[in-house]
Each structure stands twice: as structure tokens, then as C-alpha cells.
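# Coordinates in review
Chain by chain, the residues:
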Amino acid sequence: MSESALLHVALVESTKVTPVSPGRWRIEGRGIHEVIEDPHPVVAGVLERLANGGASDAELASLAYTSVDDTGLFAYLGFMFHLSSVCALRYTLLDGGRPIAELRWLCDGTALDPPRVEHGVRYGLSRFAVLRREGGSLVVESPLGRAQVRLLGGTAALAVASLVQPADAAELAHRVPGLGAEAAVRLIDLLLFGAAVSTVD
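Residues numbered from 1 in each chain as written. Predicted model: local features only at pLDDT ≥ 70, side-chain atom pairs only at ≥ 80, totals over all residues. Heavy atoms only, no water.

## Description of helix α4 (residues 154–162)
Listing the buried residues of α4 in full gives Thr-155, Ala-156, Ala-159, Val-160 and Ser-162. Around the axis of α4, the buried residues are gathered within 160 degrees of arc, so they sit on the same side. Buried residues along α4 sit against β7 (98–105), β8 (122–125), β10 (137–141), β11 (147–151), α5 (169–175) and α6 (181–193). (Buried < 20%, exposed > 50% of the residue type's maximum accessible area, 1.4 Å probe, protein only. Helix = DSSP H or I, 4+ residues; strand = E, 2+ residues; numbered from the N terminus. Arc of directions from axis to C-beta. Contact = heavy atoms within 4.5 Å.)

Right under this line is the structure:
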């Protein structure tokens, strides 16, 4: 069981970021067609990483946190919120280097905060959650949510099925072979953003 969970942030396949000239970037995709001129250095760093396949959420956030002033953090947060609001980002959960789940916004997305999963709180599958096939993946979504979570392997599918019986993140990691404790927290968090799970008393 791996304890190394990572959330990789990348553009959805229909969105492209390309440098036009020094200090100018073009973003094109469904719902977004714009040119960004002279972005804040933090935003320029994010654009460069997204143009090259993305980066971990921690790497992207570190660009903002190492900025010399607060304008870098605010520029980063505003830009990530903007890309999420037009559904241009996807968040892939990797556990020990294996992709196990991916969150995609369906409409009016928001930047993912640090995990909202609370220690010791039990989460169960929502009665509104729907599991369906899309291409070669299983998708979990809810009419109450604005995002869908694609299950990219048997580990995530088993974890979602296991949440029919509520569990906290530690219990879930113990129940599902091959699911690390940190990955269990991040998976529940993605499912919370998709409104596919809720807290259980």
C-alpha cells in the first residue's frame, strides 16, 4: 500500500495553452478563447506548466507561496478559479504513481481547496450518486453536484462501492487493498466536490 498520493492538475483535452510571443499566451478551448498579455510571473509559471502537460497541485501552489508578495497568491487563486469556472481543468489523483480517479467540472467549477475531509468523520455514498460507463471509464456523479469523478481503475471503483457502508478515510484505506491512506483522503475529497458522498452521523 502506497502512502504517496498526488493530485495532478492539467488542462482538459479540448483546451490548449500556447505561448504566442514573449509575455503573451493564448488559451483556447470550449468556453474560453483569450490572450493573456504580461501575466504576473506566478501565472506565467502556471501557464508554462499547463502548456507542458500540467503539474501537481502542490507544485502549482508553491509558485504562489514563494512569490515575494501577496499579489502572486491572489493572481494564482484568481487564475485557477477562472480556469475552473470555464471547466478547463482536470484533477487526476495518483496513488503511488498510478492514476486512480479524475475530477472534471461539468459547469461553473471552482479551484479545489486543500482537502475538506475531516479526520474521523465518516462519509457515505449519496443516495443521489449515479455510477455509469463513459468510454472505457466508470463515472460517478450526482445531480446535486457540478463535477464528475472518473474512476480510472479497480481500486477507486472498489473504494466507491465500499462507501455504501460509511467510513472515514482511514477505514476506507484499510478496507480497500492497494489504496493508501493519503489517497483515501484525496479520493473522498474529489467525491465531495462531485456531491457523490456526504457526511454520515
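Once the structure has been displayed, the description carries forward.
## Side note on the sheet that holds strand β4 (residues 32–37)
Across the sheet, 3 strands lie side by side as β2-β3-β4; this open sheet has antiparallel pairing. Two strands close off the open sheet at either side, each with one partner strand: β2 (16–21) and β4. Neighbouring strand axes in the sheet, compared pairwise and without regard to direction, differ in orientation by 20 degrees on average. Judged from the 6 bridges that link them, strand β3 (residues 24–29) and β4 form a sheet pairing that is antiparallel. (Pairing = 2+ DSSP bridges. Axes fitted to C-alpha atoms, helices over the stretch in contact; angles between N-to-C directions.)

## Here's the deal with the sheet that holds strand β5 (residues 55–56)
The 7 strands are arranged β5-β1-β6-β7-β11-β10-β9 in an open sheet whose pairing can be described as antiparallel. Each edge of the open sheet is held by one strand with a lone partner, namely β5 and β9 (130–134). Sheet topology places strand β1 (residues 5–11) next to strand β6 (residues 89–95); 7 bridges connect them, and they run antiparallel. Note on β6: the bridge partner recorded for Val-9 is Tyr-91.

## Points about the side chain of Ser-162
Inspection of the secondary structure puts Ser-162 in helix α4. Using a relative accessible area of 15% as the deciding quantity, one classes Ser-162 as buried.

## Points about the nonpolar core
In terms of nonpolar packing, the biggest core is built from 59 residues, with Leu-172 and Leu-191 touching the most fellow members. For this core, the element with the highest residue contribution is α6, accounting for 8 residues. Residues within four places of Leu-191 in sequence aside, it is in contact with Val-140, Val-149, Val-160, Leu-163, Ala-196 and Val-197. (Core = buried A, V, L, I, M, F, W, Y, C linked by side-chain atoms within 4.5 Å.)

## Some remarks on the environment of Gly-154
Within the element layout of this structure, Gly-154 appears in helix α4. Residue class for Gly-154 comes out exposed when judged on its relative accessible area of 57%. Measuring from C-alpha to C-alpha, the distance between Gly-154 and Val-176 comes to 9.9 Å, with 22 residues separating the pair along the chain.

## Some points on the pattern of salt bridges
Opposite charge on two side chains permits pairing when their charged atoms draw close. All told, the structure shown has 13 salt bridges when counted by the stated rule. Ionic pairing is found between Glu-102 and Arg-150, a salt bridge with its closest N-O pair at 4.0 Å. Here Glu-102 is found in strand β7, whereas its partner Arg-150 is found in strand β11, with 48 residues between them in sequence. Judged by its relative accessible area of 5%, Glu-102 is buried. For Arg-122, the salt bridge is made with Glu-171, and the minimal N-O distance between the two is 2.7 Å. Here the residue Arg-122 occupies a position in strand β8, and Glu-171 occupies one in helix α5, the gap between them amounting to 49 residues. Residue Arg-122 is classed as partly exposed on the basis of its relative accessible area, which comes to 32%. Residue class for Glu-171 comes out partly exposed when judged on its relative accessible area of 29%. (Salt bridge = Lys/Arg side-chain N within 4 Å of Asp/Glu carboxyl O.)

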